[in-house]
Amino acid sequence: DQQVKQNSPSLSVQEGRISILNCDYTNSMFDYFLWYKKYPAEGPTFLISISSIKDKNEDGRFTVFLNKSAKHLSLHIVPSQPGDSAVYFCAASAMAGNQFYFGTGTSLTVIP
Amino acid sequence: GAGVSQTPSNKVTEKGKYVELRCDPISGHTALYWYRQSLGQGPEFLIYFQGTGAADDSGLPNDRFFAVRPEGSVSTLKIQRTERGDSAMYLCASSLKSGSGIDTQYFGPGTRLTVL
């Protein structure tokens, strides 16, 4: 049973525009969320995180929004750059736990 | 500083053979995780070590899978009697596990296992 879902397997965006990647979760115990970025032949790289006490966290061009009532989070990248082209995974955990649950990933292509 | 390293980067074996996959975590990280990622899927949790002990091995699919971390640093994932369904990318991650509750995991590049 997939507890973290990324329903869009791929997304294409023009350079300079905003990229919005979405993620839904089902477990109400999750209280810590992360986004990872993965290039081919490399392991996932941590991008940004948010805890459930916040609804927004910003780091440069990357902003993560959390809507706890909807069990939904999103990653906004603005402006998008060709180097952002990668697979993005969202992950969730309960802080008291040890497991991180990952979504299936969204492949982002930023077109120059 | 050095990140998480994994060896080998690729491993091809025959059905029924035994394989070992190695992970070198970031120095000073007490927590170590193994994940398996099949094609088109996200990483799936296998096992978590805090120090030398396996604190959570609930993700191991069956008793053919075993992992050790004898000195609290390097870890080895061992798979006995490999099956074609074991073919996947095996990822290792480490974290500080400082007890603050915020625990970012840093991943290695993975070992691609192919069972023929």
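In what follows, the structure referred to is the one given above.
The structure contained in this document is the topic of the report that follows. Here the structure is a predicted model, which is why all the values come from computation and not from measurement.

Here we look at the overall build of chain B
Then comes step 1: Secondary structure assignment for chain B yields zero helices and 11 strands.
Then comes step 2: Listed N to C, the secondary structure of chain B is β-β-β-β-β-β-β-β-β-β-β in terms of helices and strands.
Then comes step 3: In terms of overall dimensions, chain B is globule-like: its C-alpha atoms have a radius of gyration of 14 Å, near the 13 Å expected for 116 residues.
Then comes step 4: Along the first, second and third principal axes, the C-alpha set of chain B runs to 45 × 25 × 25 Å.
Then comes step 5: Looking at chain B as a whole, 45% of its 116 residues are labelled buried.
Then comes step 6: Contacts spanning at least 24 positions in sequence make up 54% of the contacts within chain B whose residues lie at least 6 apart.
Then comes step 7: Counting 12 positive and 11 negative side-chain charges, chain B places the averaged centre of each group 6 Å from the other.

Description of the sheet that holds strand S3 (residues 19–25) of chain A
Residues and elements named next belong to chain A.
Then comes step 1: Taken in spatial order, the five strands line up as S1-S3-S8-S7-S6 in an open sheet, and their pairing is antiparallel. The open sheet is flanked by strand S1 (4–5) and strand S6 (56–59), the only strands paired with a single partner.
Then comes step 2: In terms of strand pairing, S1 meets S3 through two bridges, oriented antiparallel. Within S3, the position partnered with Val-4 by the bridge is Tyr-25.

A few points about a nonpolar patch on the surface
All names here are of chain A.
Then comes step 1: Taken together, the side chains of Ile-18, Ile-20 and Val-78 present a nonpolar region at the surface, about 230 Å² in accessible area.
Then comes step 2: Along the chain, Val-78 turns up in the loop between strand S8 (72–77) and strand S9 (86–93).
Then comes step 3: We classify Val-78 as partly exposed; its relative accessible area is 42%.

Looking at the interface of chain A and chain B
Then comes step 1: The partner chain B presents 21 residues to the 18 residues of chain A that form the contact.
Then comes step 2: Buried surface at the junction of chain A and chain B, summed over both partners, amounts to about 1,600 Å²; 57% is from carbon and sulfur atoms.
Then comes step 3: For chain A, the biggest contributors to the area lost against chain B are Asn98(A), Gln99(A) and Phe100(A); these three give 32% of the whole.
Then comes step 4: At the surface where chain A touches chain B, the tally comes to zero salt bridges.
Then comes step 5: For the pair chain A and chain B, the number of links is three residue pairs in polar contact (both at pLDDT 80 or more).
Then comes step 6: For the side of chain A that touches chain B, the element with the most residues is strand S4 (residues 32–38) of chain A, which contributes four residues.
Then comes step 7: By residue class, the composition of the side of chain A that touches chain B is 10 nonpolar, six polar and two charged.

Let's talk about the state of the cysteines
Then comes step 1: Under the counting rule described, the total for this entry stands at two disulfides over all chains.
Then comes step 2: Each disulfide pairs two cysteine sulfurs, and for Cys23(A) the partner residue is Cys90(A), the sulfurs being separated by 1.8 Å. Between Cys23(A) and Cys90(A), the S-S torsion sits near 60 degrees, and that sign places the bridge as right-handed. Taken together, the residues Cys23(A) in strand S3 and Cys90(A) in strand S9 connect sequence positions 67 residues apart. Here Cys23(A) matches Cys90(A) in class, with each residue buried.
Then comes step 3: The disulfide partner of Cys23(B) is Cys92(B), and the gap between their sulfur atoms is 1.9 Å. Disulfide Cys23(B)-Cys92(B): torsion about the S-S bond near -65 degrees, hence left-handed. Placement of the pair is Cys23(B) in strand S3 (residues 19–24) and Cys92(B) in strand S9 (residues 88–95), with a sequence separation of 69 residues.
Then comes step 4: By relative accessible area, Cys23(B) is classed as buried at 0%.

Cut-offs and rules
Residues numbered from 1 in each chain as written. Chains lettered and ligands numbered in written order. Predicted model: local features only at pLDDT ≥ 70, side-chain atom pairs only at ≥ 80, totals over all residues. Heavy atoms only, no water. Helix = DSSP H or I, 4+ residues; strand = E, 2+ residues; numbered from the N terminus. Rg over C-alpha atoms; globule rule 2.2 N^0.38 Å. Buried < 20%, exposed > 50% of the residue type's maximum accessible area, 1.4 Å probe, protein only. Contact = heavy atoms within 4.5 Å. Lys, Arg positive; Asp, Glu negative; His and termini not counted. Charge placed at Lys NZ, Arg CZ, Asp CG, Glu CD. Pairing = 2+ DSSP bridges. Patch = residues over 30% accessible without salt bridge, like charges linked within 9 Å, V, L, I, M, F, W, Y side chains within 5 Å. Areas by Shrake-Rupley, 256 points an atom, 1.4 Å probe, with all protein chains shown as cover. Salt bridge = Lys/Arg side-chain N within 4 Å of Asp/Glu carboxyl O. Buried area = accessible area lost by both parts, 1.4 Å probe. Polar contact = N/O pair within 3.5 Å; in protein donor to acceptor, adjacent residues only side chain to side chain. Nonpolar A, V, L, I, M, F, W, Y, C, P; charged D, E, K, R; others polar. Disulfide = S-S within 2.5 Å.

So far we have only geometry, and geometry alone does not tell us how the molecule works.
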